[in-house]
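Now for the letters of each chain:
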Amino acid sequence: MTTITTAAALLADIAVEADRTDAVQAFVKQETILVEIVTTDGLRGTGYSYTIGTGGSSVLALLNDHLLPLLVGEDARNVEALWQRLFSATRATTTGAITSLALAAVDTALWDLRCRRAGEPLWRLAGGYRRQVPVYDTEGGWLHLTTDDLVKSALAAQKAGWAGVKIKVGKPNPAEDAERLRAVREAVGASLHIMTDANQSQSASSALRLARALEPYDPYWLEEPLPADDLSGHARLATATCIPIAVGESMYSLTQFRTYLESGAASVVQVDAARVGGITPWLKVAHLAESHNVQVCPHFLMELHVSLAAAVPNGAFVEYIPQLRAVTRTELAVHHGMAVAPDTPGIGIDWDMDAIDNRRVA
Ligand code: MG
């Protein structure tokens, strides 16, 4: 039997593995919301979502007070129906980050169950396109790092055969960003991809100046130049610069992605399974992007996203930011610049529940 008998959630604070800063914020701690769902056949699925420092207790409260009780007695195999039921139950407060993060914790647990029941890894059950996906490094490109640090990390990534590196931009003067990018480009030559990320820090005018300043150094994309709800601003910028515009980590619904893609405001889509509400909507966004001939390069969560990027034909890169090593028994395998999707049944994350318990705050 596949009836859900219990659905429980907890909140654990995981310390950041490194100092991480961008133009608007720091990654303070990973508030990790875990959901565990058990069915009558004894199977157990574990899902999760996260914040980078605020809102985790709100997500937990929404789950405990309103969403998890709706799951008990339902058939765990009906993942789409359950997603829609929970979404409908919160209709007056959606679409929004808190609801999407809560839905994601449930949905990833249901997918974990689905994969375990089928005896298949997520990368195959979600599509099964390929086992390995190119990886790029973000950990060596934070805004507080010196130009020497950036160059050193980029050379190390290149030597290891990685596809690219990301450099945070958004210094007070775009000339400083351009100088940092120039130093890295000169060190690595033409072949390494250099992604840039402004984290929504720019205005309409400063974004254009920044893009123009970066263009000579051939960035692979410019990520989140403007606030994420400024659709027409992104569309205008996309026509004004030759740098592809990447967005998605701050979007919380399928329809937001549709409007961006229809408007030509996104050349790369960075849908985040936690922030969009789970694996179920993540796959819809990926397929929607495919219909626009747009690549999917998921934001963060490499431990989960490796399997999703591997599932779909337009999954182009996995972003390297290790953040679960203290609470899992395995870590992302990277061989010759390729992230390898786990081949074990489930979503591919082997949680160390003792380590989680030690970090539990609610
Ligand atoms: Mg970003």
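Remember, it's a predicted structure, so these values are computed and weren't measured experimentally.

Quick notes on the rules
- One numbering rule holds for all chains: residues counted from 1, following each sequence as written.
- The predicted nature of this model means local features are confined to residues of pLDDT at least 70 and side-chain atom pairs, given and counted, to a pLDDT of 80 or more, with totals for whole chains, interfaces and linings taken over all residues.
- Excluded from the side-chain calculations are hydrogens and water; all other atoms, namely the structure's heavy atoms, are used.
- Residues are called lining when one of their atoms sits within 4 Å of a cavity or pocket point, these points coming from a 1 Å grid over the protein atoms alone, where a cavity is a set in which a 1.4 Å probe fits but cannot get out and a pocket is an open set with protein on both sides within 12 Å along at least five of seven lines.
- Grid points are joined across faces, edges and corners, and a volume is the space filled by probe spheres set on the points.
- Residue classes follow a fixed rule: Ala, Val, Leu, Ile, Met, Phe, Trp, Tyr, Cys and Pro count as nonpolar, while Asp, Glu, Lys and Arg count as charged, and any other residue, Gly among them, counts as polar.
- Per the annotation, domain bounds derive from an automatic or database assignment of domains.
- Note on conventions: DSSP H or I runs of at least 4 residues are helices, E runs of at least 2 residues are strands, and numbering of each starts at the N terminus.
- Metal-coordinating donors are taken as N, O and S atoms lying within 2.8 Å of the metal, or within 3.2 Å when the metal is Na, K or Ca; because water is left out, some sites can appear incomplete.
- Working definition: with a 1.4 Å probe on protein chains only, accessible area under 20% of the residue-type maximum means buried, over 50% means exposed, and in between means partly exposed.
- In this description, a nonpolar core means a group of buried Ala, Val, Leu, Ile, Met, Phe, Trp, Tyr and Cys residues linked to one another through side-chain atoms lying within 4.5 Å.
- In what follows, residue pairs with any heavy atoms lying within 4.5 Å of each other are defined as contacts.
- Two strands make a pair as long as DSSP finds a minimum of two bridges between them.

Asks: In this structure, what is going on with the layout of surface pockets? I would like to understand it.
Replies: A water-sized probe rolled over the atoms picks out the places where empty space is left. Roughly 330 Å³ of volume is contained in the largest pocket. Contributing to the lining of the largest pocket are 25 residues, with Gln25, Ile52, Glu249, Arg275 and His299 lying nearest its centre. A breakdown of the residues in the lining of the largest pocket according to their chemical character gives eight nonpolar, seven polar and 10 charged. Both domain 1 (4–119 + 353–358) and domain 2 (124–340) contribute no fewer than three residues apiece to the lining of the largest pocket. For the second largest pocket, the calculated volume is near 200 Å³. Forming the walls of the second largest pocket are 14 residues, and the residues nearest its centre are Trp83, Phe87, Ser253, Leu254 and Pro281. Elements represented by at least two residues in the lining of the second largest pocket include exactly α2 (79–89), α3 (97–118), α9 (254–262) and α10 (279–291). Here the lining of the second largest pocket is built from residues that sort into seven nonpolar, six polar and one charged. Viewed by domain, the lining of the second largest pocket spans two of them, domain 1 (4–119 + 353–358) and domain 2 (124–340), each represented by three or more residues.

Asks: Please clarify how the coordination of the magnesium ion should be interpreted in this entry.
Replies: Ideal geometry at a metal centre gives angles of 109.5 degrees when four donors are arranged tetrahedrally and 90 or 180 degrees when six donors are arranged octahedrally. The magnesium ion binds to the protein through Asp197 (OD), Glu223 (OE) and Glu249 (OE), with metal-donor distances spanning 2.0 to 2.2 Å. Linear spacing of the donor residues for the magnesium ion on their chain is D-x25-E-x25-E. Of this pair, Glu223 sits in strand β7 (residues 221–223) while Glu249 sits in the loop between β8 (245–247) and α9, placing them 26 residues apart in sequence. On the basis of relative accessible area, Glu223 is assigned to the buried category, the value being 1%. With relative accessibility at 6%, the residue Glu249 sits in the buried group.

Asks: What is the right way to look at the nonpolar core in this model?
Replies: The nonpolar side chains of soluble globular proteins are, as a tendency, buried together. Ranked by size, the top nonpolar core spans 114 residues in total, and within it Ile37, Leu63, Val269 and Trp282 carry the most contacts. Top element by residues in this core is α3. It accounts for 10 residues. Taken together, domain 1 (4–119 + 353–358) and domain 2 (124–340) each give at least three residues to this core, which thus spans both. The residues touching Leu63, leaving out its near neighbours within four places in the chain, are Ala9, Ile33, Val35, Leu68, Pro69, Ala102, Ala105 and Val106. In terms of nonpolar packing, the next biggest core, distinct from the first, is built from nine residues, Met195, Trp221, Ala246 and Phe317 among them.

Asks: How should I be thinking about the pairing of strand β4 (residues 132–137) in this particular structure?
Replies: A regular strand carries its side chains on alternate faces of the sheet. Among the six residues of β4, five are classified as buried, and the element is accordingly described as predominantly covered. Across three bridges, the pairing between β4 and strand β13 (residues 338–340) is antiparallel. Residue Pro134 lies in a different strand from β13, and its bridge partner there is Met338. Bridging between β4 and strand β11 (residues 318–320) involves three bridges; their strand directions are parallel. Paired with Val135 across the two strands is Val318, which belongs to β11. Pairing analysis gives two bridges linking β4 to strand β5 (residues 164–168), with the strands arranged parallel. Considered in β5, the bridge of Asp137 is made with Val165.

Such coordinate-based values are descriptive only and should not be taken to indicate function.
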